[in-house]
4 protein chains.
Amino acid sequence: MRSTIGKNFSLTVFGESHGPAVGFVLDGLPAGIRLDLDKIRLELDKRKPQGKLSTQRHEADEFRFLSGYYNEYTTGTPLTFVIENKAQQSRDYDKLKALPRPSHADFTAYAKYGGFQDHRGGGHFSGRITTGLVAAGAIFEQILASHGITIGTHILRCRQISDRAFDQSALAADIAALDSPAFPVLEPSAESAMRALIEEAQAEGDSVGAVMETAVHGMPAGIGEPMFHSIESELSALLFGIPALKGVQFGAGFGFADMPGSEANDAITGIEGGRLVTRTNHNAGINGGISNGMPIVFSTVIKPTPSIYKEQDTVDLTTGQPAKLRIEGRHDPAIFHRARCVIDAVTAIALCDLMMGRYGYLWARNGGDDA
Amino acid sequence: MRSTIGKNFSLTVFGESHGPAVGFVLDGLPAGIRLDLDKIRLELDKRKPQGKLSTQRHEADEFRFLSGYYNEYTTGTPLTFVIENKAQQSRDYDKLKALPRPSHADFTAYAKYGGFQDHRGGGHFSGRITTGLVAAGAIFEQILASHGITIGTHILRCRQISDRAFDQSALAADIAALDSPAFPVLEPSAESAMRALIEEAQAEGDSVGAVMETAVHGMPAGIGEPMFHSIESELSALLFGIPALKGVQFGAGFGFADMPGSEANDAITGIEGGRLVTRTNHNAGINGGISNGMPIVFSTVIKPTPSIYKEQDTVDLTTGQPAKLRIEGRHDPAIFHRARCVIDAVTAIALCDLMMGRYGYLWARNGGDDA
Amino acid sequence: MRSTIGKNFSLTVFGESHGPAVGFVLDGLPAGIRLDLDKIRLELDKRKPQGKLSTQRHEADEFRFLSGYYNEYTTGTPLTFVIENKAQQSRDYDKLKALPRPSHADFTAYAKYGGFQDHRGGGHFSGRITTGLVAAGAIFEQILASHGITIGTHILRCRQISDRAFDQSALAADIAALDSPAFPVLEPSAESAMRALIEEAQAEGDSVGAVMETAVHGMPAGIGEPMFHSIESELSALLFGIPALKGVQFGAGFGFADMPGSEANDAITGIEGGRLVTRTNHNAGINGGISNGMPIVFSTVIKPTPSIYKEQDTVDLTTGQPAKLRIEGRHDPAIFHRARCVIDAVTAIALCDLMMGRYGYLWARNGGDDA
Amino acid sequence: MRSTIGKNFSLTVFGESHGPAVGFVLDGLPAGIRLDLDKIRLELDKRKPQGKLSTQRHEADEFRFLSGYYNEYTTGTPLTFVIENKAQQSRDYDKLKALPRPSHADFTAYAKYGGFQDHRGGGHFSGRITTGLVAAGAIFEQILASHGITIGTHILRCRQISDRAFDQSALAADIAALDSPAFPVLEPSAESAMRALIEEAQAEGDSVGAVMETAVHGMPAGIGEPMFHSIESELSALLFGIPALKGVQFGAGFGFADMPGSEANDAITGIEGGRLVTRTNHNAGINGGISNGMPIVFSTVIKPTPSIYKEQDTVDLTTGQPAKLRIEGRHDPAIFHRARCVIDAVTAIALCDLMMGRYGYLWARNGGDDA
């Protein structure tokens, strides 16, 4: 299956950028979860285009549930969430049908779907599709929060400009500080410098990418599976589903190649509440694929958006001949600051799935009616 | 499920390090595939301990099929592959039961399985379990090879010592050069320098890790799915199932944070045989999660082995008090040179699964009897 | 998962009887299938209430696609289909919340969902939910028809009134005769007698059930799997998903207990076009779970609708005390004549899933763009 | 997947009749379940050939675990169970390769696997494969028994000879009486009459089938899902995986076509311990796919074994011409008395899967370490 995920639930994210609607269907959630619609709205706001740094397509993102929701609670049956698209401008995309944008999905969608894809606005490959994903993630974030688990993502580095890393000794506060639609950095000074980089790229018809850092606070020990359903496996499978995300590393990550084992190993200093306490956390709270109780910390890289206004080399698919491409329409010079809530969303989805798989973990404690 | 993977087949890898056997069951392979047992033996040889750089546990790794195999061909029913364990020394592990090794799965297995795990030799978390995985991968590598697709992995960097990167203009030759049990580097000079690093770590009772580079030659365009079953998603989910692997990046990877879009985009120069030809390949042959026909290239990091002989801080699980740990037994000072065939194996498994999902892709061309 | 099915696709049927909408999301269909909307309308018409024999709730059943459909063709991405509910009357259901209807899902929904279920109109347990299922089935019936495979279901027996069985030597014609919204019998005389039975039950505030017979014409040999994914397994799993269906038998079915093997065995008289030809077809075209090329023929039983107007014994869930129940609202005295298109729908879904699993079977011949 | 089942676990049953071994791999069982090997042996004994009524192939059925089992307990990792085959006589099967037995899987295996199937002894289609299934079922029966849930199956009818039906008011005793390798009937007098029927068929080179009745005692309410993962769906999918089983009906089953709703509905007389109490149990303890707490009762039909010694009409697959077939070798004149433990096994597997899906149901109460 293509846009469907979940082992203990089935989540299908649907929609095309310029189709009638985007949304999701989620089958497998227990009955009796009170949905916090404001949390969903907050996450959607984090994803929205921001002023002049972003596309000028503005969608109200008003949502409704078509099923599975009654009197403020989940009913235990498939939950269908829909946002109608309203601000499409499809004419901008007609000439792209023959001239694939370099490093965009135009050619690969053509190779896969043979011309039947909805090419308008990037179709199912558009960042617009992450709207439903963010909304679904907001529900799983609520569930985790009710167990004391919180997630946050900030921009760690954009070219030469770095934000400070998460302070793992004060992680709850750092994560809480990111829970608003503001530009997601921990050091206020990083915002203006990064905004300047984005604006500069925009002025040149170019784009920029960034390294993002994500942390999960409050993880219990014993979650995850050995081998293929490790925390790293489940998280990375969903993270790489985010358009433009091209790398994932946990803890010290690629830096492990520079360390001897005696440095890479996190010395154990105690056990508290069933969780391991270690002197360092190079292993990101995960050993053998399973959580040890320390924070889960990972970084990802979002590549520069491929839809740039500079002239580029491509081929004409109708003739096979080289061609020059100059695109029009509304495109973001950077999407990483908007993507951070998508990272949070898939992190919540992956962790909830693993915890639901540990029989009764989430629900037995919850008094949920399906427990 | 824990040790079971596959969407178009079901592959369960089973065994404990000191249990009776390791192996796999593979359900979903078509009938009529002639299995090349020498290819399976070659891949198992690549994984075997190598001289003084490795553990002194030596297993003959003689295998047999219990089902699904008849007269040299697959029968279309579940294929069961078994290697009996013979060279276990379990006494070395008894004291580890109370004293978890830092950054090993000892504590997390205890937290998850509550003491019922088979702790001997690391149990199901041991690298020994990858034996079955490598054998399964060898079968999928045969299938891919019959379609002209080959895979190779080498050590790109171990601390300050680097091998040269793959030459994408002569990729088939680079991959072919790695298809032997020799130390997996492209530059012969890198071998002695890296061996020296490993021996030095060994002499100090320490260990080392490395960055690995993998390339896939011969990929057709149009394989993979948008979003969560992208090539990156499927590959990374299996790659992170390899013990000690802590990072995955495709193409330019984390380097994308340093590039403008105009550099990150791979200019399109032509189409040949349905495959895109691009000037650079920063995007690793994958756009929107789907192959464009250029080589798939990614790097991974294998952390230093956590079982080192230096004294380490830990806690005694029976008392909760701090304790000092000095381990004995047979442990590798480095496993990355052995892990490369595990990377090849999971790459083959993930790509075959995606191609089987594209209806008829592999088999319709194959004359397979199940096609 | 609860309302999600499919191995080679993921089909989630959603909605509550009195919620905003019913529909489905189908992920996994190839791109480039031209959808025949008239076929969808025809199947929905077969399911609609019929005159005075049925509930007086009348829905226009106007549908739209929210995603995955563009320019008359599937795009290869999730296909979302929605029908808004318009004719709900929820007040009739309030008193049922405390007084479960005998042999209805009222009590079991309460036991499972703990009061959070949407009880109005039976919620997710209502026959209304089969609307989306019938629409999804219509798409799979189109796909099968393009391969020469057709499906039909008629009422074989309602109490003492029987229709004639399918004539397997003229099966295509019998199936074609059923492809209209008319009362589904093969002998015109059976219609008036059965209608009289239903009206009689209705007059008494009671209800009736029936045995249905289904046939599949044009099946190739070699479809299905040994053991748990046999044709019988896959069909029955979906058939028993139809509310009120309580039995499934293939070919001679329970009559096999009266036959010696020499009679039960279908003598083989030839092979034509890769299909077996047998003198009898007691085994319903299926041996060892796999099709042999003869028609697939099975019968099912639909129990009388449990919502009857006669006074019934029940308990009051709020007090645990015995109570008398007299229901109001709009209820069918029989649903089997409407259910036949649901049987056809799930039959098509199950068979397509099995054929998609046989690599390339459906698509390689189809020129589908995902092939 | 073909021989793999389970939503909350993955169970692959492997082996060929004349291959090296039969068995299963089960991934997903929690750690810390103490396995009762005597229960496994008892169930295997129920399946064994019985005196002169059965095949003269006698296997010791000595089993061992290759993984996932340590110090008498499950470890939480894949559990691999193997029985080596020892008493094969393959020569009897050579002439069958060209002459398919009527109503056996010979032709359909050929159509599906194109000649690569292991035809010896029926290969993967042989009843021998159910050995692994019965062993796996014995483990799930242990788990259910620890929650007070027991399962039994007896022969209800063989031609004109009937056993009495289960006494639902004394169900635990009826089920307990069947828990031995003796001939499975409730009325001792039925045994001699049925044995005479089987011996008569055997003397004529013919075979017989039977209707089986199964009951589950101790089911809690609220297990099962609406629609496609109903108790009926999950049970029937596995039941139809049993070779020769051609019909399944729950409660009144096909008899519902003869009842008005007022008779078919089970009047509710009370609630005890969260379970419904009804005057009758025509609906087999299941409403809307979900258990109501009354016993689950269903009947199935096992067709006569197709391998009879009388001459039969078939075709020669090498020439396409009609041919006469007279088979040799060791074949059962009836298998229903041996099949009853296979029915119990798949019933236990299906019910455990549904209960594991209800988060924490089985394990939270169990003190399991994975709970």
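Residues numbered from 1 in each chain as written. Chains lettered and ligands numbered in written order. Predicted model: local features only at pLDDT ≥ 70, side-chain atom pairs only at ≥ 80, totals over all residues. Heavy atoms only, no water.

## Observations regarding the overall build of chain A
A count of helices and strands for chain A gives 9 helices and 18 strands. Structurally, chain A occupies a C-alpha span of about 65 × 50 × 35 Å along its principal axes. Long-range pairs, those at least 24 residues apart, make up 72% of the contacts in chain A with a sequence separation of at least 6. For chain A, the exposed area adds up to about 10,700 Å²; of that, 49% sits on carbon and sulfur atoms. Computing the positive centroid from 35 side-chain charges and the negative centroid from 43, chain A places the two 4 Å apart. (Helix = DSSP H or I, 4+ residues; strand = E, 2+ residues; numbered from the N terminus. Contact = heavy atoms within 4.5 Å. Areas by Shrake-Rupley, 256 points an atom, 1.4 Å probe, with all protein chains shown as cover. Lys, Arg positive; Asp, Glu negative; His and termini not counted. Charge placed at Lys NZ, Arg CZ, Asp CG, Glu CD.)

## Here we look at the interface of chain A and chain B
Across the boundary between the two partners, chain A contributes 95 residues, which contact 95 residues of chain B. Summing both partners gives a buried area of about 7,700 Å² for chain A against chain B, and 60% of it is carried by carbon and sulfur. Of all residues in chain A, the largest losses of buried area upon contact with chain B belong to Phe228, Lys246 and Phe254 of chain A, amounting jointly to 11% of the total for that side. Where Lys246 of chain B meets Glu232 of chain A, a salt bridge forms, and the shortest distance between an N and an O atom there is 3.0 Å. Counting every contact that joins chain A to chain B gives 50 residue pairs in polar contact (both at pLDDT 80 or more). Grouping the amino acids of the side of chain A that touches chain B by side-chain chemistry returns 45 nonpolar, 34 polar and 16 charged. Across 3 bridges, strand 11 (residues 245-250) of chain A lies against strand 11 (residues 245-250) of chain B in antiparallel orientation. Looking at strand 11 of chain B, one finds that Gly247 of chain A is bridged to Gln249 of chain B. (Buried area = accessible area lost by both parts, 1.4 Å probe. Salt bridge = Lys/Arg side-chain N within 4 Å of Asp/Glu carboxyl O. Polar contact = N/O pair within 3.5 Å; in protein donor to acceptor, adjacent residues only side chain to side chain. Nonpolar A, V, L, I, M, F, W, Y, C, P; charged D, E, K, R; others polar. Pairing = 2+ DSSP bridges.)

## Focus on unusual backbone geometry
The general pattern is negative phi for most residues beyond glycine and trans for most peptide bonds. The phi dihedral of Ser103 of chain B is positive, around 60 degrees, even though this residue is not glycine. Topologically, Ser103 of chain B is positioned in the loop between strand 7 (79-84) and helix 2 (106-113). Phi is positive for Ala284 of chain C, which is not a glycine, with a value near 65 degrees. By the element assignment, Ala284 of chain C lies in the loop between strand 13 (275-278) and strand 14 (286-287). The class of Ala284 of chain C is buried, set by a relative accessible area of 0%. (Buried < 20%, exposed > 50% of the residue type's maximum accessible area, 1.4 Å probe, protein only.)

## A look at the sheet that holds strand 8 (residues 150-158) of chain B
With antiparallel pairing, the 10 strands of this open sheet are ordered in space as 9(A)-8(A)-10(A)-16(A)-11(A)-11(B)-16(B)-10(B)-8(B)-9(B). Every other strand in the sheet has two partners, leaving strand 9 (161-162) of chain A together with strand 9 (161-162) of chain B as the edge strands with one partner each. Pairing geometry for strand 10 (residues 210-217) of chain B and strand 16 (residues 296-302) of chain B, over 7 bridges, is antiparallel. Across the sheet, residue Glu213 of chain B finds its bridge partner in strand 16 of chain B, namely Ser299 of chain B.

## Describing the side chain of Thr131 of chain D
All names here are of chain D. Following the sequence through the fold, Thr131 ends up in helix 3 (residues 130-145). Judged by relative accessible area, Thr131 falls into the buried class, the value being 0%. A polar contact of 3.4 Å, which involves the side chain of Thr131, links it to the side chain of Arg47. Not counting the four nearest positions on each side in its chain, Thr131 is found in contact with Val22, Leu44, Arg47, Asp61 and Ile83.

## A word on the relation of the copies chain D and chain C
For the match of chain D to chain C, the screw axis carries a shift of 0.0 Å, the RMSD comes to 0.0 Å, and the turn is 180 degrees. One copy is carried onto the other by what is essentially a two-fold rotation axis. A shared interface surface links the copies, since 100% of the contact residues of chain D are contact residues in chain C too. (Least-squares fit on C-alpha atoms with pLDDT ≥ 70 in both.)

## What about helix 1 (residues 37-47) of chain C?
Residues and elements named next belong to chain C. By the burial criterion, the buried members of helix 1 are Lys39, Ile40, Glu43, Leu44, Lys46 and Arg47. Down the axis of helix 1, the smallest arc covering the buried residues is 155 degrees, so these residues share one side. Residues of helix 1 that are buried make contact with strand 4 (63-67), strand 7 (79-84), helix 3 (130-145) and helix 8 (336-357). With a side-chain oxygen positioned 3.0 Å from the backbone nitrogen of Asp38, the residue opening helix 1 is Asp36. (Arc of directions from axis to C-beta.)

## Observations concerning the packing of aromatic side chains
The full count for this structure, using the stated rule, is 42 aromatic pairs over all chains. Ring centres of Phe63 of chain A and Phe65 of chain A lie 6.1 Å apart, and the angle between their planes is 70 degrees; on these two criteria the pair is classed as edge-to-face. Under the relative-accessibility criterion, Phe63 of chain A is labelled buried at 16%. Between Phe65 of chain B and Tyr69 of chain B the ring centres are 4.7 Å apart and the planes differ by 35 degrees, which places this aromatic pair in the tilted class. Take Phe65 of chain B: its relative accessible area is 11%, and that puts it in the buried class. You can call Tyr69 of chain B partly exposed: its relative accessible area is 23%. Within the aromatic cluster, the residues linked to one another by ring pairs are Phe24, Phe63, Phe65, Tyr69 and Phe81 of chain A. (Phe/Tyr/Trp six-rings, centres within 6.5 Å; stacked < 30°, edge-to-face > 60°.)

## Details of the pattern of salt bridges
Residue and element names in this part refer to chain B. Taken as a whole, this structure holds 84 salt bridges over all chains when the rule is applied. The salt bridge partner of Lys7 is Glu234, with a shortest N-O separation of 3.2 Å. Remark: Glu234 occurs in helix 6 (residues 231-239) and Lys7 occurs in the loop between strand 1 (4-5) and strand 2 (10-15); sequence separation between them is 227 residues. Accessibility expressed as a relative area gives 40% for Lys7, which makes it partly exposed. Residue classification places Glu234 among the buried residues on the basis of a relative accessible area of 11%. Residues Lys46 and Asp179 are paired through a salt bridge, measuring 2.7 Å at the closest nitrogen-oxygen approach. One end of the pair, Lys46, is in helix 1 (residues 37-47); the other, Asp179, is in the loop between helix 4 (171-177) and helix 5 (188-203), with 133 residues separating them in the sequence. The exposure class of Lys46 is buried, given its relative accessible area of 2%. The class of Asp179 is partly exposed, set by a relative accessible area of 36%.

## Description of the interface of chain D and chain C
Each side of the interface is counted separately: chain D has 95 residues, and chain C has 96 residues. Roughly 7,700 Å² of surface becomes buried between chain D and chain C when both sides are summed, with 60% attributable to carbon and sulfur atoms. On the chain D side of the interface with chain C, the three residues burying the most area are Phe228, Lys246 and Phe254 of chain D, jointly 11% of the side's total. There are 8 salt bridges connecting chain D and chain C. Summed over the shared surface of chain D and chain C, the number is 50 residue pairs in polar contact (both at pLDDT 80 or more). Class assignment for the residues of the side of chain D that touches chain C results in 45 nonpolar, 34 polar and 16 charged.

## Details of the sheet that holds strand 3 (residues 21-27) of chain B
Sheet strands pair by backbone hydrogen bonding; their relative direction is either parallel or antiparallel. All names here are of chain B. What the 5 strands build is an open sheet, ordered 1-2-3-7-4; its pairing is antiparallel. In this open sheet, the two strands that pair with only one neighbour each are strand 1 and strand 4 (63-67). As defined by bridge partners, strand 2 adjoins strand 3 across 6 bridges and the pair is classed as antiparallel. If you follow Ser10 over to strand 3, its bridge partner there is Asp27. Helix 1 rests against strand 4 and strand 7 of the sheet, and its axis sits at about 125 degrees to strand 4. Packing of helix 3 (residues 130-145) onto the sheet brings it into contact with strand 2, strand 3 and strand 7, and relative to strand 3 it is tilted by some 35 degrees. (Axes fitted to C-alpha atoms, helices over the stretch in contact; angles between N-to-C directions.)

## Quick notes on the relation of the copies chain A and chain B
Take chain A, turn it by 180 degrees, move it 0.0 Å along the axis, and it overlays chain B with an RMSD of 0.0 Å. A shared binding surface is used by both copies, with 100% of the interface residues of chain A retained as interface residues in chain B.

## With respect to the pairing of strand 11 (residues 245-250) of chain C
Residue and element names in this part refer to chain C. Counting buried positions along strand 11 gives 6 out of 6 residues, so the element sits mostly inside the fold. Here 5 bridges tie strand 11 to strand 16 (residues 296-302), and the two strands are oriented antiparallel to one another. Within strand 16, the position partnered with Phe250 by the bridge is Phe298.

## Description of the state of the cysteines
Taken as a whole and assessed by the stated rule, the structure comprises 0 disulfides over all chains. Here Cys158 of chain A stays free of any disulfide, with the sulfur of Cys341 of chain A as its closest cysteine sulfur at 18 Å. Taking the relative accessible area as the measure of exposure, Cys158 of chain A reaches 0% and is therefore buried. Lacking any disulfide linkage, Cys352 of chain B is separated from the closest cysteine sulfur, that of Cys341 of chain B, by 17 Å. Its relative accessible area of 0% is what places Cys352 of chain B among the buried residues. (Disulfide = S-S within 2.5 Å.)

## Side note on the packing of helix 1 (residues 37-47) of chain D against helix 3 of chain D
Residue and element names in this part refer to chain D. Two elements in contact, helix 1 and helix 3, have axes whose closest approach is 9 Å; the angle formed by their N-to-C orientations is 140 degrees. Relative to helix 3, the element helix 1 is oriented oblique. Between helix 1 and helix 3 lies a crossing whose hand is right-handed. Facing Lys39, Ile40, Glu43, Leu44 and Arg47 of helix 1, the residues of helix 3 in contact are Thr130, Thr131, Val134, Ala135, Ala138, Ile139, Glu141 and Gln142. Classifying every residue of the contact of helix 1 with helix 3 gives 6 nonpolar, 3 polar and 4 charged. (Parallel < 35°, antiparallel > 145°, perpendicular 65-115°, else oblique. Left-handed = near helix turned anticlockwise from the far one by under 90°.)

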